[in-house]
Amino acid sequence: MNAAATLLAATGSLEPAARSFLSPSGQEIVFLLVGIAVLGSAVVSVTTKQLVHAALWLVVALGGLAVEFLLLTAEFIAWVQVLIYLGSVVVLVLFGLMLTKAPIGRSPDADSKNRWVALVVALAAAGTLVTLVVDAFRTSWIDLGAGGGSASVTGASLFRNWVLPFEALSVLLLAALVGAIVLSRGSGRRVPAPRAGKVRAGRPVGSNGTVAATVPRTAPTAVPEAVPEAAPETSASQTSAPEEES
Amino acid sequence: MHLAYPVVLAALLFSVGVYGVLARRNAVLVLMSVELMLNAVNLDLVAFDAWLRDSLHAGQALTLFTITVAAAEIGLGLAIVLLLFRARGTADIDRATALGDPAEPHTPAEDEPVAAEALKGRATA
């Protein structure tokens, strides 16, 4: 009796019977419900005919994923998800839809003609992945401990062990920013042409060409006056030109 | 928590993203589906980090890196889509066929509906 009690106490810490699909814990139930919401909104987001609604359903899916991250005790990543995805990526997508003149109402040609091929491929991928993953992790449980993903723990590991990738990633982000600006200023080559024409057209009014042509006829003393007069004008036109451009 | 819950959810979400990438016609919606796939991978990374209890927290660090790369990707991708829209007047990737195979330029309009009908028949069968 005593030995059995100690054996039960020894094995009770592992809890082999309590861990089962048939008796899910509260965390698992919440995870399952939020997961169903995430999956449903993701499906609506990729199948709806209204393009702006697709972006708004994506907000629901990504926000639900932030809740899932919280349930997996990754607090910092959950808030980063809310900030980056809900805050900037979805806004970027909405601006992209707006700037490409996406139709507001239902657009019947939102899906391409190979929709059924895509459905077959997606179902095959889902079946393969779910079968493989369930078979591989059938007996694996996560021991969730609070504070595993708090900001202090994440920051310490990021700046103690992952400094070099972090810095490389910041350079990548800067390069992507500059690249996006350069790409979206695609018509920038057409902008300097009228500015150069304007400078050239403005020059005959007070600049060297007409002055040099008229100087020998009128007076030789006009030359040193006209040259400093023309120089501030061209420099002023050059400095004011970028302001017009921006 | 059983590891199967987050991992199965990530697999299903990835498949939804695959469907979106293959089936959508607007390039902005394709980018949204790519974001869904990246988020599925993020969920996997966070789940494995919590499962393995890595002392380096490699899963969470990699998740942050993935989020950053995704932000850079969608910025550049939308700039390219805007450039395409400015050049062509449309953001449909079906019509961006300048680099496609120029063989049989007149037949696709005829045999695409036939192929779609055949595939529809196969899907319903």
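Quantities reported herein were computed from a predicted structural model and do not represent experimental measurements.

**Let's talk about the overall build of chain A**
Item 1. On a plain count of helices and strands, chain A comes out with 10 helices and zero strands.
Item 2. Sequence-ordered secondary structure for chain A, helices as α and strands as β, is α-α-α-α-α-α-α-α-α-α.
Item 3. In chain A, of all internal contacts separated by at least 6 residues, the share reaching a separation of at least 24 is 61%.

**A short note on the overall build of chain B**
Item 1. Looking only at helices and strands, chain B has four helices and zero strands in total.
Item 2. Secondary structure elements of chain B occur, N-terminal to C-terminal, as α-α-α-α.
Item 3. Restricting the contact set of chain B to residue pairs at least 6 apart, pairs at least 24 apart contribute 49%.

**Digging into helix α1 (residues 4–23) of chain B**
Item 1. Under the 1.5 Å per step criterion, the end-to-end length of α1 of chain B is 28 Å for 20 residues, consistent within 8% with the ideal 28 Å.
Item 2. Counting buried positions over the 20 residues of α1 of chain B gives 19, a clear majority of the element.

**Side note on the interface of chain A and chain B**
How big an interface is tends to be reported as the loss of accessible area on association of its parts.
Item 1. Between chain A and chain B, the residue contacts involve 81 residues of the former and 65 residues of the latter.
Item 2. Of all the secondary structure elements, the ones that give two or more residues to the side of chain A that touches chain B are α2 (26–47), α3 (51–71), α4 (75–99), α5 (115–136), α6 (151–161) and α7 (163–184) of chain A.
Item 3. Of the residues belonging to the side of chain A that touches chain B, the class tally is 54 nonpolar, 20 polar and seven charged.

**Description of the packing of α2 of chain A against α3 of chain A**
All names here are of chain A.
Item 1. Between α2 and α3, the shortest axis-to-axis distance is 8 Å and the interhelical angle comes to 160°. Regarding the angle of α2 to α3, the classification is roughly antiparallel. In the packing of α2 onto α3, the handedness of the crossing is left-handed. Of the residues in α3, those in contact with Gln27, Val30, Phe31, Val34, Gly35, Ala37, Val38, Ser41, Ala42, Val44 and Ser45 of α2 are Ala54, Trp57, Leu58, Val60, Ala61, Gly64, Leu65, Val67, Glu68 and Leu71.
Item 2. Taken together, the residues that form the contact of α2 with α3 break down as 15 nonpolar, five polar and one charged.

**So, the nonpolar core**
Item 1. Ranked by internal contacts, the top residues of the largest apolar core, which has 74 residues, are Val93 of chain A together with Leu13, Val28, Met32, Val46 and Ala47 of chain B.
Item 2. Where this core is concerned, the elements lending two or more residues are α2, α3 and α4 of chain A together with α1, α2 (27–52) and α3 (58–88) of chain B.
Item 3. With residues up to four places along the chain from it excluded, the contact list for Leu13 of chain B reads Val38, Leu39 and Ala42 of chain A together with Leu36, Asn39 and Ala40 of chain B.

**As for the packing of α2 of chain A against α1 of chain B**
Item 1. Running from amino to carboxyl end, α2 of chain A crosses α1 of chain B at an angle of 5°, the nearest separation of the two axes being 10 Å. Comparing their axes, α1 of chain B and α2 of chain A come out roughly parallel. Across the interface between the two elements, Glu28, Phe31, Leu32, Gly35, Val38, Leu39, Ala42, Val43 and Val46 of chain A of α2 of chain A pack against Tyr5, Leu9, Leu12, Leu13, Val16, Tyr19 and Gly20 of chain B of α1 of chain B.
Item 2. Looking at the contact of α2 of chain A with α1 of chain B residue by residue, the classes come out as 13 nonpolar, two polar and one charged.

**Brief notes about the confidence of the model for chain A**
All names here are of chain A.
Item 1. A residue-level look at chain A finds 66% of positions with pLDDT of 70 or above and a mean pLDDT of 76.
Item 2. Throughout residues 6–17 the model reports pLDDT below 50, and contacts reaching past four residues in sequence, or to other chains, amount to zero contacts.
Item 3. pLDDT under 50 marks residues 209–246. Its contacts with residues more than four places away, or in other chains, come to 18 contacts.

**Digging into the environment of Ser15 of chain B**
Item 1. Residue position: Ser15 of chain B is located in helix α1.
Item 2. As a C-alpha pair, Ser15 of chain B and Met37 of chain B span 22 residues in sequence and 7.7 Å in three-dimensional space.

**Some remarks on unusual backbone geometry**
Item 1. Here the phi dihedral of Thr73 of chain A falls at roughly 65°; this positive angle occurs in a residue that is not glycine.
Item 2. Summarising the element assignment, Thr73 of chain A is placed in the loop between α3 and α4.

**So, the environment of Ala70 of chain B**
Item 1. Here Ala70 of chain B shows up in helix α3.
Item 2. With residues up to four places along the chain from it excluded, the contact list for Ala70 of chain B reads Glu35 and Leu38 of chain B.

**Some words on α2 of chain B**
Residue and element names in this part refer to chain B.
Item 1. Between its first and last C-alpha, α2 extends 38 Å over 26 residues, near the 38 Å set by a 1.5 Å rise per residue.
Item 2. When you tally the buried positions in α2, you get 21 out of 26 residues, the bulk of the element.
Item 3. Following α2 by one or two positions, Arg53 has its phi on the positive side, about 50°.

**Considering the confidence of the model for chain B**
Item 1. Of all residues in chain B, 82% attain a pLDDT of 70 or more, and the chain-wide mean is 83.
Item 2. Put simply, helix α4 (residues 108–124) of chain B is where chain B has its lowest mean pLDDT, 49, and α1 of chain B is where it has its highest, 95.

What counts, and at which threshold
- Residues numbered from 1 in each chain as written.
- Chains lettered and ligands numbered in written order.
- Predicted model: local features only at pLDDT ≥ 70, side-chain atom pairs only at ≥ 80, totals over all residues.
- Helix = DSSP H or I, 4+ residues; strand = E, 2+ residues; numbered from the N terminus.
- Contact = placed C-beta atoms within 7 Å.
- Expected span 1.5 Å × (residues − 1).
- Buried ≥ 20, exposed ≤ 12 C-beta atoms within 10 Å, placed from the backbone.
- Nonpolar A, V, L, I, M, F, W, Y, C, P; charged D, E, K, R; others polar.
- Axes fitted to C-alpha atoms, helices over the stretch in contact; angles between N-to-C directions.
- Parallel < 35°, antiparallel > 145°, perpendicular 65-115°, else oblique.
- Left-handed = near helix turned anticlockwise from the far one by under 90°.
- Core = buried A, V, L, I, M, F, W, Y, C linked by C-beta atoms within 7 Å.
- pLDDT = per-residue confidence, 0-100.

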